[in-house]
Every structure is written in C-alpha cells, then in structure tokens.
Amino acid sequence: LALLAHDDVAGAARHWGTRAGDTRRLLVTDRRAASRVDLAAFGRDWALDDTALHEVCSATPRHRARGAGDPLLGYAITGRDGRQGFLQRLAVAPAAQRQGLGLALVVDSLRWMARWRVERALVNTPVDNQGALALYERVGYHVLGERLRVFERSLA
C-alpha cells in the first residue's frame, strides 16, 4: 500500500473552506449501507462488514464518521490521536466516483482534523489506485517513500 502524509492540515482546511460539499454524520444505523458501499468499492477481499467498520471507528481515541449521498453513496472515517490524524477509510460507490463525493469527504476529514489542531494526517491506498492517489495529492497529501504491507496468517 502507498502511504501518504499531509503536513499542512490547517492550510488545506483554509484553502478548501466551504467547498467541501454536502456530508452528514454517519450513524450506527448507516453501517449496513456503508458496508455495501465498501463492498462495491473494494471487492470481497478488502471489503469491511458492519463489525469491521465498528473496529475502524474504535482504532483511534477519537473518530468522526461521515457519509455522502442519499441514499448513501460514500463514507469516510477519520481518526486522531493527539496531533496525528488518520483518514482511516474512504469508500465511494463505483457509479458515484469522480462526481465530487470523495473530495467532499476528504475535505471534511481535513477540516475536522484542523479543528482539533492535528499537525500531520496519514492515509494509505493500493499503489495502483490512481484515482485515490490523484484525489489525495489534489488536496495536498504526498506519497512517502515507505510502503505498508498487509500480511495474513492463519491461526488454525
């Protein structure tokens, strides 16, 4: 996975301002719809179900979950730990991609982190996900030299 960092969260939040578009709070009752969006966006191997979405929200001391579209077409989960922030998950249904929903959710994420004085934000995406890489770079993330690797080991 490519690892990207944003070192000027406050500046990005000021730059993008209110151009974030419409996002709304992602409620617990939205998790089933969010997991359907996730499956459509990432496929079976990488999709998150309701339980996994809850675990993403619990992975950091503080988080914000936002949705876009009615019915739900995209969502983002952002977390923070002190002055470090994380765009933990971003998913947009394939039919709704490249229509501004991902941008709205990423900008919302940056604005939330800026309000909490986060100094550095991180996000990861597959190295071949050109759409996501372009989106993140558009708002000021930059690719770091190191990569993340995901391993699986059966305990059975």
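Before reading on, note that the structure itself is shown above.
All residue numbers refer to position in the chain's written sequence, counted from 1. Only residues with pLDDT of at least 70 are given local features in this predicted model, and only at 80 or more are side-chain atom pairs given and counted; all residues enter the totals for whole chains, interfaces and linings. Only heavy atoms go into the side-chain values, all of them from the structure, while hydrogens and water stay out.

K.L.:
Go over the sheet that holds strand E3 (residues 62-68), please, and point to the residues and values.
P.N.:
When DSSP locates at least two bridges between a pair of strands, those strands are taken to pair. We count a stretch as a helix when DSSP gives it H or I for four or more residues in a row; a strand needs E for two or more, and each element gets its number in order from the N terminus. In space, the 7 strands of this open sheet follow the order E2-E3-E4-E5-E6-E1-E7, with mixed pairing throughout. Of all the strands in the sheet, the pair left with one neighbour each is strand E2 (24-25) and strand E7 (142-147). Note that strand E5 (residues 84-92) and strand E6 (residues 120-125) share 3 bridges and pair parallel. Residue pairing in the sheet places Gln84 in a bridge with Arg120 of E6.

K.L.:
Give me the lowdown on the pairing of strand E4 (residues 74-81), citing residues and values where you can.
P.N.:
For E4, the tally of buried residues reaches 7 of 8 residues, placing the bulk of the element in the interior. Here 7 bridges tie E3 to E4, and the two strands are oriented antiparallel to one another. Its bridge partner being in E4, Arg66 is matched across the sheet by Ala76. From the end of E3 to the start of E4, which pair antiparallel, there are 5 residues, and Gly69 there has a positive phi angle of about 90 degrees. Bridge count between E4 and E5: 8 bridges; the pairing is antiparallel. The buried label goes to any residue with under 20% of its type's maximum accessible area, the exposed label to any with over 50%, and the partly exposed label to all in between, with areas taken from a 1.4 Å probe on protein chains only.

K.L.:
Describe the packing of aromatic side chains, with residues and values.
P.N.:
Only centres within 6.5 Å qualify two rings of Phe, Tyr or Trp (six-membered ring in Trp) as a pair; their planes then separate them into stacked at under 30 degrees, edge-to-face at over 60, and tilted for everything else. The tally for this structure, following the rule as stated, stands at 1 aromatic pair. Measuring from centroid to centroid gives 5.7 Å for Tyr136 and Tyr141, while their planes differ by 65 degrees, and the two rings are edge-to-face. For Tyr136, a relative accessible area of 4% corresponds to the buried category. By relative accessible area, which is 3% here, Tyr141 ends up buried. As a reminder, the over-ring test applies to NZ of lysine and CZ of arginine, requiring each to be within 6 Å of the ring centre and within 35 degrees of the ring normal. When the ring centre of Trp116 is taken as reference, the NZ or CZ atom of Arg80 above it lies at 4.0 Å.

K.L.:
Requested: an account of helix H2 (residues 31-42), with residues and values cited.
P.N.:
In this analysis, the expected span of each helix is defined as 1.5 Å times one less than the number of residues it contains. For H2, with 12 residues, the first-to-last C-alpha span of 16 Å sits near the 16 Å given by 1.5 Å per residue. Every buried residue belonging to H2 is among Arg31, Ala33, Ala34, Ser35, Val37 and Asp38, and all of these are buried. Elements that come into contact with the buried residues of H2 comprise helix H3 (50-58), E4 and E5. Residue Gly43 follows H2 closely and has a positive phi angle near 80 degrees. Contact criterion: two residues are considered in contact whenever any of their non-hydrogen atoms come within 4.5 Å of each other.

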